[in-house]
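# Structure assessment
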Amino acid sequence: MNLKYRRLKGTRDLMLEEAERWAWCEERWADVLDRYGYGEIRTPVIEPTELFLRSVGEGTDIVDKEMYTFETKGGESLTLRPEMTASVVRAYLENGLTRQPGTVKFWYMAPMFRHDRPQAGRYRQFHQVGVEAIGSASPVLDAEVIRAALALFEAVDARGITLLLNSIGCPACRPAFLDELGAFLEANLERVPETLRGRVATNPLRLYDAKDDGVQELLADFRPITDCLCAGCRAHHETVRGTLGDLGVAFVDDPTLVRGLDYYTRTTFELTAASGRKQSSLAGGGRYDSLVEQCGGPPTPAVGFSVGIERTLLHLGDETVDPQRSRQSTVDVYVAALDEPAQRYALAAADLLRGYCRVEVDTTGRALKAQIKSANLRRARLLLVAGEQEQAADTLQLKDLTTGEQTTAARSQLLAAVREVLEA
RNA sequence: GUGGAUGUAGCUCAGUUGGCAGAGCCCCUGGUUGUGGUCCAGGUGGUCGUGGGUUCGAAUCCCAUCAUCCACCCCA
């Protein structure tokens, strides 16, 4: 069929059983996050462009080429959020939560937008479940946050998840490392592919997430960033590792894990699925001790993560459900009615039941046979038949669809009669 | 932004060397005046992604274009 309107590239329609599966996950995740002491936050999907420029950072792919940015008639530049952390920090400051005692812990499940080329596990509108814990610099919190991320996967029975862990230092120790790294790369520039050379000067750390084998070999010859941490960062990192050990959480040290956003300090981590060569990165996060201050607040340490919902579901391996084969919502009682007067009578009868159970009234006017077929598809336990004869006698036919037994009930006794069958 | 694959019925897909547009599923009707999942019979539904070109003739060959998927890049 030649469709007049189509879905935008990189977006999806979720319906019926697919939507139920999402709801199933969302319910479990909300419960887990609740148990870790997080409260929900919902923020607008659009923000001033500047918020993301300053936080995510110019020079990152997200800001340079993936943002949905547009201008209002008043000339203001707005952006559909490509990630959530900046918005949460903005909301934290805007609502005066700096005065809140203790650590402010938020969770969210929300759509994000990035103008990427879509592929398996990657969409232009995608969804993340994540947390931000604002107000504590303790490495123990890092470990708890990481533990919570793993708990989200456990809650939906996701297996084969690997935790990658690293520390990328702080403003005190990272510049020295970057200088050294930059000099090393300059000296070996011929081993860096041309497409990546731009990064050597602008953001040498970004070279680490290049998949080019030559670059990886080159970087392997260089000292890992974890060897260059200052005393504070080193102690922090060791405590994170030790605390994960206390919790029995297995992890892999990965000194090449730098993450694609500029605001991270110290701890960075990623949760990956070893399955094939698909989009294996299911979740990522880390500490961002400078971001709140950068956004105009008081110096406030924080840590968080986000999990890709589409990727997680993809990893669970469930086939996506064909909408046409997917069941319509199930009901307890299906009311068949033949013509319009019967439909009116049927609707009035249904109204007597809806405070008690799920009822569908068939208003298609199809043959009774077809209506009963639909009743079965909807998994109805009971069929009510409302026709001319029933109207005349002020009754309804009650048919138990599992046994085939059929009785007549006075309309005034309908609820009792229905309860008798459903509760038997 | 780069590369590859694929576009035929609502869905999954056949379609030979260029020669009348097909199957299964779904849906509808009947077999049963108003009684179900099975069965039987019948039926609806297609600008063959779109636009050009070659040809007596194009779903089929050529060109362009759009869309989808996959991969790169990067990330969730």
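Residues numbered from 1 in each chain as written. Chains lettered and ligands numbered in written order. Predicted model: local features only at pLDDT ≥ 70, side-chain atom pairs only at ≥ 80, totals over all residues. Heavy atoms only, no water.

### Overview of the packing of helix α5 (residues 139-155) against helix α9 (residues 231-246)
Two elements in contact, α5 and α9, have axes separated by 8 Å at closest approach and are oriented at 45°. When the axis of α5 is compared with that of α9, the two are oblique. Seen from above, α5 lies across α9 with right-handed handedness. Along its contact with α5, which presents Pro139, Val140, Asp142, Ala143 and Ile146, the element α9 presents His236, Thr239, Val240, Thr243 and Leu244. (Axes fitted to C-alpha atoms, helices over the stretch in contact; angles between N-to-C directions. Helix = DSSP H or I, 4+ residues; strand = E, 2+ residues; numbered from the N terminus. Parallel < 35°, antiparallel > 145°, perpendicular 65-115°, else oblique. Left-handed = near helix turned anticlockwise from the far one by under 90°. Contact = heavy atoms within 4.5 Å.)

### Some remarks on helix α12 (residues 340-353)
Look at α12: 20 Å from first C-alpha to last across 14 residues, which is about the 20 Å you get at 1.5 Å a residue. Buried within α12 are the following residues: Ala342, Gln343, Tyr345, Ala346, Ala349, Ala350 and Leu353. Seen from one end, α12 has its buried residues packed into an arc of 160°, which puts them on one side. Exposed positions of α12 whose direction lies more than 90 degrees from the buried face are Glu340, Arg344 and Asp351. Packing partners of the buried residues in α12 comprise β12 (333-337), β13 (359-361), β14 (382-386), α14 (388-393), β15 (395-400) and α15 (414-422). N-capping of α12 is provided by Asp339, with a side-chain oxygen placed 3.1 Å from the backbone N of Ala342. (Expected span 1.5 Å × (residues − 1). Buried < 20%, exposed > 50% of the residue type's maximum accessible area, 1.4 Å probe, protein only. Arc of directions from axis to C-beta. Polar contact = N/O pair within 3.5 Å; in protein donor to acceptor, adjacent residues only side chain to side chain.)

### Quick notes on the domain arrangement of chain A
Interfaces are often sized by the accessible area lost when the parts come together. For chain A, the assigned domains are domain 1 (16-165 + 250-315) and domain 2 (329-422). Distance between the C-alpha centres of domain 1 and domain 2: 49 Å. (Domains from an automatic or database assignment.)

### Thoughts on the protein's contact with RNA strand B
Contacts to RNA strand B come from 53 residues, most closely from Arg114, Arg122, Arg311, Gln324 and Leu401. Sugar and phosphate atoms constitute 48% of the interface atoms of RNA strand B, taking the interface as everything within 4 Å of the protein. Between RNA strand B and Arg6, the relevant distance is 3.0 Å, taken from a sugar or linking oxygen to a side-chain nitrogen or oxygen of the residue. Here Leu282 contributes a backbone N or O atom positioned 3.1 Å from a sugar or linking oxygen of RNA strand B. Among the secondary structure elements, those contributing two or more residues to the surface near RNA strand B are β6 (125-134), α7 (194-202), β10 (281-287), β11 (302-308), α13 (368-377), α14 and β15. Top contributing element to the surface near RNA strand B by residue count: α13, with five residues. Residue classes in the surface near RNA strand B are distributed as 15 nonpolar, 17 polar and 21 charged. (Near = heavy atom within 4 Å. Nonpolar A, V, L, I, M, F, W, Y, C, P; charged D, E, K, R; others polar.)

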